[in-house]
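What follows is the residue order along each chain.
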Amino acid sequence: MALIHKFKQGNDYYVIDVNSGAVHAVDELVYDLLDEDKLQSKEELMAAFKDKYKVEEIEEVYGDLVELINEEMLYSKDLYEEIAHRDNAKSFIKALCLNIIHDCNLKCKYCFADEGEYKGCRKTMTAEVGKKAIDYVIKKSGPRKNIEVDLFGGEPLMAFNTIKEIVDYAREQEKIFNKNIRFTMTTNATLLNDEIMEYIDKNMGNIVLSIDGRKDVNDKVRVRCDGSGCYDSILPKIKKMVEMRDKSKQYYVRGTFTRENTDFFEDVKHLADLGFEEVSVEPVVLPDEHSLSLRREDLPVIFEQYDKLYEEMLKRHKEGNEFKFYHFNIDLQGGPCVYKRISGCGAGHEYVAITPDGEVYPCHQFVGNEEFMLGNIYEEGFNEELSSTFKKAHIYNKPKCRECWARFYCSGGCQANNFNFNGDMHIPYEVGCEMQKKRIECAIALKVKTMEE
């Protein structure tokens, strides 16, 4: 099991103590002396590096390393495994993906949801189902005060009037039950107009606006039913929506990169050059046989893009012209709570998705796969055994994750991706893991460098 992780970013050397999360910016000497699982004896290191470093240099550094080990900032022990295995506390739902509509006015070529259909017929949630879903999550939230509801699709704005009814109802209920319901929305931006934008700005804690970057990239995959692209139509709307948001209100301009644009650094840069300060361009997840899927042979090019992005973000930080990239956001001081570090998003026990028919699934990516149905909003029954399976699918029950240095950053990866690629939530989606690890390294290096400024 890796106890530390070493990596080089640009001309800089870094060491992460896996269990404590301590990050050390080091020189080449320290980098060379450390192994992933232990510190060798001084004599062994002197013999190994006698031709590269002076004896007194090794002796001085060795003493510093022993001190860090004694302070549990290197090779520290894992304090979380026992907590994870002994956790039998009841779970309460804190987040809900409300699939407002299983339909879409675009036909994105990489869509995981069958262009909005989710392996079934096109369907729109009624206001009655939406209100019942709000009742459901309030009841299932137990003592939790804060609840997040993501309005999702297909394209949720195709059911704008229904959304307004559901939100109004939720505002009434949160007062009655002393809850705080934060709404978010993911939209392709095609239906935005002044009325809708004013409503979204007022009522959504976060808004995710989909655009894939450069016009030629976007219009090749994010297409309308007639095959035409949407870039020229959505860009002015997205710009206007973002301009309405003040600093206290969150947004993300979000794209997807595929095998068609493994040079996605150019798409991130394009969005940043347009003035967007909150950007996310994420890897597509598709079966290997799909023409747009990302495969292991694409990784060297993808890693190069993340390196370019790191350098660009560092340069813009120094110039005072920075932007945030979602996958490079990282907190080196506090970081996520212990449970999130172990278990991730909480799909299936703290987070669920509800369909237009009121069916309950572990998350939106399991919708339509009936073996993963947890229940429905009209019945008291809830598949506690399946929910428990999701809760227990944490890093300590995933053999490959137990050995991985990144386990406390990725929390074992996406359960849906793991299952869809391997037929087992406990086996990670390896191409996704490799990209994640590269992003974590870049994010840590960027945070360290910008904190030094």
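Residues numbered from 1 in each chain as written. Predicted model: local features only at pLDDT ≥ 70, side-chain atom pairs only at ≥ 80, totals over all residues. Heavy atoms only, no water.

Q: Any chance you could break down the overall build of the chain for me, citing the residues and the numbers?
A: Helix and strand content of the chain: 17 helices and 15 strands. Relative to its length of 453 residues, the chain is compact, with a C-alpha radius of gyration of 24 Å against a globular reference of 22 Å. Judged by the C-alpha coordinates and their principal axes, the chain covers about 75 × 50 × 45 Å. By the burial criterion, 53% of the 453 residues in the chain qualify as buried. Pairs at least 24 apart in sequence give 70% of the contacts found in the chain among residues at least 6 apart. In the structure as shown, the chain presents an accessible area of about 20,800 Å², 48% of it carried by carbon and sulfur atoms. (Helix = DSSP H or I, 4+ residues; strand = E, 2+ residues; numbered from the N terminus. Rg over C-alpha atoms; globule rule 2.2 N^0.38 Å. Buried < 20%, exposed > 50% of the residue type's maximum accessible area, 1.4 Å probe, protein only. Contact = heavy atoms within 4.5 Å. Areas by Shrake-Rupley, 256 points an atom, 1.4 Å probe, with all protein chains shown as cover.)

Q: A description of the packing of helix α2 (residues 42–49) against helix α3 (residues 55–70) should follow, citing residues and the corresponding values.
A: Viewed as axis vectors pointing N to C, α2 and α3 meet at an angle of 140 degrees, and their least axial separation amounts to 10 Å. Between α2 and α3 lies a crossing of right-handed hand. Of the residues in α3, those touching α2 at Lys42, Leu45, Met46 and Phe49 are Val55, Ile58, Glu59 and Tyr62. Considering only residue class, the contact of α2 with α3 consists of 6 nonpolar, no polar and 2 charged. (Axes fitted to C-alpha atoms, helices over the stretch in contact; angles between N-to-C directions. Left-handed = near helix turned anticlockwise from the far one by under 90°. Nonpolar A, V, L, I, M, F, W, Y, C, P; charged D, E, K, R; others polar.)

Q: Describe the side chain of Asp267, with residues and values.
A: Locating Asp267 in the fold gives a position in helix α10 (residues 265–273). At a separation of 2.9 Å, a polar atom in the side chain of Asp267 contacts the side chain of Asn261. In this structure Asp267 touches Asp212, Gly213, Arg214, Val217 and Asn261, once residues within four positions along its chain are discounted. (Polar contact = N/O pair within 3.5 Å; in protein donor to acceptor, adjacent residues only side chain to side chain.)

Q: Could you give me a rundown of the sheet that holds strand β1 (residues 4–9), with the residues and numbers involved?
A: Spatial ordering of the open sheet is given by β1-β2-β3, a layout of 3 strands whose pairing is antiparallel. One side of each edge strand has no neighbouring strand; the edge strands of this open sheet are β1 and β3 (23–26). Here the strands of the sheet are splayed against their neighbours by 25 degrees on average, with no regard to which way each runs. Both β1 and strand β2 (residues 12–17) contribute to a ladder of 6 bridges, which runs antiparallel. Within the sheet, the bridge partner assigned to His5 lies in β2 and is Ile16. (Pairing = 2+ DSSP bridges.)

Q: So what about the pattern of salt bridges? Which residues, and what values?
A: Enumeration according to the criterion identifies 38 salt bridges in this entry. A salt bridge links Lys324 to Glu278; the nearest nitrogen and oxygen atoms lie 3.9 Å apart. Taken together, the residues Lys324 in strand β12 (residues 324–325) and Glu278 in strand β11 (residues 278–283) connect sequence positions 46 residues apart. The class for Glu278 is buried, based on a relative accessible area of 16%. Where Lys315 meets Glu312, a salt bridge forms, and the shortest distance between an N and an O atom there is 3.9 Å. Placement of both Lys315 and Glu312 in helix α11 (residues 299–319) is noted, with a separation of 3 residues, approximately one turn of the helix. We classify Lys315 as partly exposed; its relative accessible area is 38%. Judged by relative accessible area, Glu312 falls into the buried class, the value being 10%. What emerges from the salt-bridge pattern is a single network uniting Lys269, Asp273, Glu312, Lys315, Arg316 and Glu319. (Salt bridge = Lys/Arg side-chain N within 4 Å of Asp/Glu carboxyl O.)

Q: So what's going on with unusual backbone geometry? Residues and values would help.
A: Cis rather than trans, the peptide bond between Gly153 and Gly154 has omega equal to 20 degrees. The residue Gly154 is located in the loop between β7 (146–152) and α6 (160–176) in this model. Not every positive phi belongs to a glycine, and Ser411 is a case in point at roughly 60 degrees. On the basis of relative accessible area, Ser411 is assigned to the buried category, the value being 7%.

Q: Explain a negative patch on the surface residue by residue, including any values.
A: A cluster of like negative charges, contributed by Asp27, Glu56, Glu57, Glu59, Glu60, Asp64, Glu67 and Glu71, occupies part of the molecular surface. Checked against the element boundaries, Glu71 lands in the loop between α3 and α4 (81–86). For Glu71, a relative accessible area of 43% corresponds to the partly exposed category. (Patch = residues over 30% accessible without salt bridge, like charges linked within 9 Å, V, L, I, M, F, W, Y side chains within 5 Å. Lys, Arg positive; Asp, Glu negative; His and termini not counted. Charge placed at Lys NZ, Arg CZ, Asp CG, Glu CD.)

Q: An account of the side chain of Gln173 is needed here, citing residue identities and associated values.
A: Residue placement: Gln173 occurs in helix α6. Those residues in contact with Gln173, other than ones at most four positions away along the chain, are Asp135 and Ile138.

Q: Give me the lowdown on the packing of aromatic side chains, citing residues and values where you can.
A: In this structure the tally under the stated criterion is 17 aromatic pairs. Ring centres of Phe257 and Phe264 lie 3.9 Å apart, and the angle between their planes is 10 degrees; on these two criteria the pair is classed as stacked. A single burial state applies to Phe257 and to Phe264, both of which are buried. Note on Phe421 and Tyr429: the rings are 4.1 Å apart at their centroids and 20 degrees apart in plane angle, and the pair reads as stacked. (Phe/Tyr/Trp six-rings, centres within 6.5 Å; stacked < 30°, edge-to-face > 60°.)

Q: Mind laying out the nonpolar core, listing which residues take part and the relevant values?
A: Counting 122 residues, the largest nonpolar core has Leu98, Leu151 and Phe328 as its most contacted members. No other element matches the 9 residues that helix α17 (residues 430–452) contributes to this core. If we ignore the near neighbours within four places in the chain, the residues touching Leu151 are Leu98, Ile100, Pro156, Ile163, Val167, Phe183, Thr184, Met185, Thr186 and Met204. With 20 residues, the next largest nonpolar core counts Tyr13, Tyr31, Ile58 and Leu74 among its residues. (Core = buried A, V, L, I, M, F, W, Y, C linked by side-chain atoms within 4.5 Å.)

Q: Would you mind going over the sheet that holds strand β10 (residues 250–257) in detail, with residue names and values included?
A: The strands making up a sheet associate through backbone hydrogen bonding, with each pair oriented either parallel or antiparallel. Spatially, β12-β11-β10-β9-β8-β7-β4-β13-β14-β15 is the arrangement adopted by the 10 strands of the open sheet, whose pairing is mixed. Strands with a single pairing partner mark the edges of an open sheet, and in this sheet they are β12 and β15 (375–376). In this structure, strand β13 (residues 351–354) lies alongside strand β14 (residues 359–361), joined through 2 bridges in antiparallel fashion. Bridge pairing in β14 places Ile354 opposite Val360.

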